[in-house]
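Breakdown of the fold
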Amino acid sequence: MLKVTRLLVKYGERAALRDVSFEVPRGSILGVIGPNGAGKTTLIRALSGVLRPAAGSMQVDGRDLSAMSEQERARLVAVVPQARNLPPAFTGLEMVQLGRTPYLNWLGQLTPLDRQRVQRAMERARTLELADRRVGDLSGGEQQRLLLARALAQDAPLLLLDEPTTHLDLQYQISLLDAVSALVKQDGLTVVMTLHDLNLVSRYADRLCLLVEGQVAAAGTPDEVLDPDLLSRVYHVPLQRLQAGAGGRPVILPTVL
Ligand code: ATP
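In this text, all values refer to a predicted model and were calculated from it rather than measured experimentally. (Residues numbered from 1 in each chain as written. Predicted model: local features only at pLDDT ≥ 70, side-chain atom pairs only at ≥ 80, totals over all residues. Heavy atoms only, no water.)

1. Section: the site of the ligand
The condition that has to hold: Only heavy atoms are used to decide nearness, and a residue is near a molecule or strand if one of them lies within 4 Å of it. A 3.5 Å cut-off defines polar contacts: any pair of N or O atoms within that distance qualifies, except that in protein one atom must be a possible hydrogen donor and the other a possible acceptor, and neighbouring residues in sequence count only when both atoms are side-chain atoms. For accessible areas, the Shrake-Rupley method is used with a probe of radius 1.4 Å. Any residue's cover is judged against the shown protein chains and nothing else. Each helix is a run of H or I in the DSSP string that is no shorter than four residues. Each strand is a run of E no shorter than two, and both are numbered from the N terminus. Polarity classes work like this: nonpolar for Ala, Val, Leu, Ile, Met, Phe, Trp, Tyr, Cys and Pro, charged for Asp, Glu, Lys and Arg, and polar for all others, with Gly in that last group.
Contacts to the ligand come from Tyr11, Arg14, Ala16, Pro35, Asn36, Gly37, Ala38, Gly39, Lys40, Thr41, Thr42 and His196. Between Thr42 and the ligand, the recorded distance is 2.5 Å, taken from a side-chain N or O atom to an oxygen atom. Starting from 630 Å² of accessible surface for the ligand in isolation, the protein chains cover 61%. Of all elements in the fold, only β2 (14-24) and α1 (40-47) reach the threshold of two or more residues within the shell around the ligand. Here the element with the most residues in the shell around the ligand is α1; it accounts for three residues. Residues of the shell around the ligand, tallied by class, amount to four nonpolar, six polar and two charged.

If you want it as structure tokens, here you go:
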């Protein structure tokens, strides 16, 4: 379980996240939504240890993330980041093997167990056919799938996904989110995922957190948070809600459509 309490994250003097608190139970997905600049990526970067919070705490299963060494944190938290400056000369397999870095011995050699975990992660992220390709030659979506495979190979109980579907076509959007959803159910992973697509997030997240200007504007089930009046105000565009999604989940559409 992830527990975030009164998080304050600043860039210089400017607070990008203020007083952000939430809990994500083991085996569930928290979807983080909000307009451009709301602080979604900042939250992912704070949780992954890239940014150090000015105040507040972040705990995984009662252990404070800020107090850990990088290696300890990497065994607990895996990230599929948005930014990509992937090493172009690496093969797909080598990219995914990077996910095993927190477990390597001082010689840096992969054990048979490491190789098995890499193979399994590549199967789950549907990247086996990319194993021998050069990363620099791959499309944005193929690179995105390798980033997911790398994160899965890390075997961490907390998985952070920052806009994971951005470069994916519809088939792979669904396939990626289905894979994440299956892992949450089978392995009890805890997931925090930012997504702009309100309808995908409504379909896959157990709970949502709506960030506006660095603060939690609403939190709860998709049904509670995807309120068309609230969202119309936050996104500055008239929105309507249909009860048409899988299992009666809400679907949000701009009224211009
Ligand atoms: P988007 O939907 O556009 O990706 P976001 O919700 O992920 O936005 P963040 O990237 O977390 O938003 O940015 C939150 C705020 O912090 C914004 O006002 C942004 O301009 C600011 N910010 C982000 N990165 C930096 C930085 N490196 N230095 C200074 N300010 C930053």
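2. Section: the sheet that holds strand β4 (residues 55-60)
The test is simple: Criterion used throughout: strands pair if DSSP finds at least two bridges between them. Contacts between residues were defined by any pair of non-hydrogen atoms, one from each residue, lying within 4.5 Å. Convention adopted: a line fitted to C-alpha atoms gives each axis, helices being fitted over their contacting stretch, and angles between N-to-C directions are expressed from 0 to 180 degrees.
Pairing is antiparallel across the open sheet formed by four strands, whose spatial order is β2-β1-β4-β5. Here the strands that pair on one side only, and so sit at the sheet edges, are β2 and β5 (63-64). Here strand β1 (residues 2-11) runs beside β2; their pairing, made up of seven bridges, is antiparallel. By the bridge assignment, Tyr11 is partnered in β2 with Arg14. Running at roughly 115 degrees to β1, α1 makes contact with β1, β2 and β4 of the sheet.

3. Details of the side chain of Ser48
Inspection of the secondary structure puts Ser48 in the loop between α1 and β4. Contacts of Ser48, omitting those with residues within four sequence positions, involve Arg73, Val77, Val79 and Leu160.

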